[in-house]
Amino acid sequence: MKKRIIIISIVLVLLGVGLGIYIYEKNKFVLEIEISDNLNIEFGQEFNLKDLIISSNGIFEDKIVKYYELGEKEEVLTYKDTHDKTRTYDIKVNVVDETNPFILSGSSVTGYVGEETNLLSGVICADYVSNNVKCYVEGEYDINQIGSYPLQYIAEDESGNSISKGFTFNVVQKPKTTKSTYTAPTYTPFSEIYNTHKNDNTMVGIDISKWQEDVDFNKVKNAGAEFVIIRLGVFNDGELGMDVRYEEYIQKAYEAGLKIGLYFYSEASTEQEVLDSVNYIVENIHYPLDLPIAYDWEDWSNYNSYHISLYEFNRLGYLFMDKIRENGYDSIIYGSTNYFRNMWDMKDIPVWVAQYYKEVTYEGKYSMWQLTSSAKIDGIKGAVDVDILYLD
């Protein structure tokens, strides 16, 4: 009896082992895969990791990534084997910066014989990734000799990418000084702008700061202005400050029945500076707003000294807008056509574009247009900016 039981047990074990082997062999899968030799992914660019697979006997799922930090990254891809079982595959990629920086400058510079000229004044050397871009001039010239000298601006980022841009340095004789004569400024009447641009889809208004000094807001409204954008304050040289006319202006504009928006001049280059600025703004709003709060960053002549990448510069602008919205206000970015084209990585966000021309040539979307800084309106002694707000 015991012998029979032992034999049966052995048979059952063998059957179990055989069944296990059969199931294992039936479901056994060995991944065959060929991966691209180039595992570099550009900083800030959307990429499907599945595209790194040249061939495989597994069916891989899409995995879209976008990295904002350089260096090696570990990822896990998901795929189906030939038995429709879900499996994973580990892969390492390298996030790199292989895009050249860029140079924003004119095509020529003029200097006077015998007087050294800062050839980098007003030149922007920027990179989407690098905070520190080396910017310098190559070429030879003689400041003591009149002539036109072909030179090159060079920009080099921290990843070793570089670009050059040619320009001409014109050395000329300094003109003799002559007695200056006063030329009275010319203004464009607000009524002329209003009659040209007012329709069912627009509102016409002004933007002001302390430089407008005394403002009679009732006269401004009676002259046709429908709104006013008031400078609340600034972040300048590391300090927050209120426009000395802000509290007076916003109270009187509110009492006059004008629609009101605000703008804030900023030189922020860190996240904390942006957050502090937003808190400062929100703490100093004591009247209801009808229009957005604008982020006004325009210290372009000193941009190189900020040591900030274009990615970080844009991130801070969008952070400002996001935090303003989180506090219940609309937000907008102010800038000129030139810098919207070259410095801002524009998304589908509200834009207040400044272009002193008969029309806007900026190709992107915009909801406000500052079309002049030399208008004249009843209620303000000197010149004032005029803006068109588009309702649709």
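Definitions and cut-offs
- Residues numbered from 1 in each chain as written.
- Predicted model: local features only at pLDDT ≥ 70, side-chain atom pairs only at ≥ 80, totals over all residues.
- Heavy atoms only, no water.
- Axes fitted to C-alpha atoms, helices over the stretch in contact; angles between N-to-C directions.
- Helix = DSSP H or I, 4+ residues; strand = E, 2+ residues; numbered from the N terminus.
- Parallel < 35°, antiparallel > 145°, perpendicular 65-115°, else oblique.
- Left-handed = near helix turned anticlockwise from the far one by under 90°.
- Contact = heavy atoms within 4.5 Å.
- Nonpolar A, V, L, I, M, F, W, Y, C, P; charged D, E, K, R; others polar.
- Salt bridge = Lys/Arg side-chain N within 4 Å of Asp/Glu carboxyl O.
- Buried < 20%, exposed > 50% of the residue type's maximum accessible area, 1.4 Å probe, protein only.
- Disulfide = S-S within 2.5 Å.
- Core = buried A, V, L, I, M, F, W, Y, C linked by side-chain atoms within 4.5 Å.
- Pairing = 2+ DSSP bridges.
- Phe/Tyr/Trp six-rings, centres within 6.5 Å; stacked < 30°, edge-to-face > 60°.
- Lys NZ or Arg CZ within 6 Å of the ring centre and 35° of its normal.
- Arc of directions from axis to C-beta.

Student: Give me the lowdown on the packing of helix α5 (residues 271-283) against helix α7 (residues 310-326), citing residues and values where you can.
Tutor: Remark: α5 packs on α7, axes separated minimally by 10 Å, with the N-to-C direction vectors making an angle of 30 degrees. Between α5 and α7, the angle falls in the class roughly parallel. Crossing of α5 over α7 shows right-handed handedness. From α5, Glu271, Val274, Leu275, Val278 and Ile281 reach across to α7, where they touch Arg315, Leu316, Leu319, Phe320, Lys323 and Ile324. Here the residues of the contact of α5 with α7 sort into eight nonpolar, no polar and three charged.

Student: Report on the pattern of salt bridges, specifying residues and quantitative values.
Tutor: Taken as a whole, this structure holds 16 salt bridges when the rule is applied. Between Asp322 and Arg325 there is a salt bridge; the shortest N-O distance is 2.6 Å. On the criterion of helical spacing, the pair formed by Asp322 and Arg325 is a turn pair, its members being three residues apart in helix α7. On the basis of relative accessible area, Asp322 is assigned to the partly exposed category, the value being 36%. Taken together, the shared-partner salt bridges in this structure form one network comprising Asp214, Arg245, Glu248 and Lys252.

Student: Got a sec to walk through unusual backbone geometry? Specific residues and values, please.
Tutor: Phi at Glu213 is positive, roughly 55 degrees, even though this residue is not glycine. Relative to the helices and strands, Glu213 resides in the loop between β16 (202-208) and α3 (217-222). On the accessibility criterion, Glu213 (48% relative accessible area) is partly exposed. You will see that His307, though not glycine, has its phi angle at about 50 degrees, which is positive. If you trace the backbone, His307 turns up in the loop between α6 (303-306) and α7.

Student: Would you mind going over the state of the cysteines in detail, with residue names and values included?
Tutor: Taken as a whole and judged by the stated rule, the model has one disulfide. Residue pairing for Cys125: its cysteine sulfur links by disulfide to Cys135, the two sulfurs lying 2.0 Å apart. Placement of the pair is Cys125 in strand β11 (residues 124-126) and Cys135 in strand β12 (residues 134-138), with a sequence separation of ten residues. The same class applies to Cys125 and to Cys135, which are both buried.

Student: Which residues make up the nonpolar core, and what values do they have?
Tutor: Generally speaking, nonpolar side chains in soluble globular proteins are found buried as a group. One finds Ile206, Ile230, Leu262 and Tyr303 to be the most contacted residues of the largest nonpolar core, which totals 64 residues. By residue number, the principal contributor to this core is α7, which donates eight residues. When sequence neighbours within four positions are dropped, the list of residues in contact with Leu262 reads Ile229, Ile230, Leu232, Tyr246, Ile250, Ile285, Leu289, Pro292, Ile293 and Ala294.

Student: Before we move on, can you summarise the sheet that holds strand β5 (residues 59-60) with the specific residues and values?
Tutor: The four strands are arranged β2-β8-β7-β5 in an open sheet whose pairing can be described as mixed. Strands at the two margins of the open sheet, each flanked by one partner only, are β2 (40-42) and β5. Note that β2 and strand β8 (residues 86-96) share three bridges and pair parallel. Along β8, the bridge assignment pairs Ile41 with Val95.

Student: Please set out the packing of aromatic side chains residue by residue, giving values where relevant.
Tutor: To describe a pair of aromatic rings, one takes the distance between the centres and the angle between the planes. This structure, assessed with the given rule, holds 30 aromatic pairs. Aromatic side chains Trp297 and Tyr303 sit 6.2 Å apart centroid to centroid with 75 degrees between the ring planes, which places their arrangement in the edge-to-face category. Site record: aromatic cluster; members linked through ring pairs are Tyr295, Trp297, Trp300, Tyr303, Tyr306, Phe313, Tyr318, Phe320, Tyr339 and Trp344. Sitting over the face of the ring of Tyr136, Lys134 holds its NZ or CZ atom 5.2 Å from the ring centroid.

Student: So what's going on with helix α4 (residues 246-256)? Which residues, and what values?
Tutor: Of all the positions in α4, only Tyr246, Tyr249, Ile250, Ala253 and Ala256 are classed as buried. Taken around the axis of α4, the buried residues stretch over an arc of 130 degrees, which confines them to a single face. Buried-residue contacts for α4 involve β16, α3, β17 (227-236), β18 (239-242) and β19 (259-266).

Student: So what's going on with the sheet that holds strand β13 (residues 147-156)? Residues and values would help.
Tutor: An order of β10-β14-β13-β12 is seen for the four strands of this open sheet, with the pairing classed as mixed. Because the sheet does not close on itself, it has two edges, and the strands there are β10 (108-112) and β12. On average, each strand axis in the sheet is tilted by 30 degrees relative to the strand beside it, whichever way the strands run.

Student: Outline the environment of Glu359, supporting the account with residue identities and numerical values.
Tutor: Note on placement: Glu359 falls in the loop between β22 (351-354) and β23 (368-376). We classify Glu359 as partly exposed; its relative accessible area is 42%. For the pair Glu359 and Val234, spaced 125 residues apart in the sequence, the C-alpha separation amounts to 29 Å.

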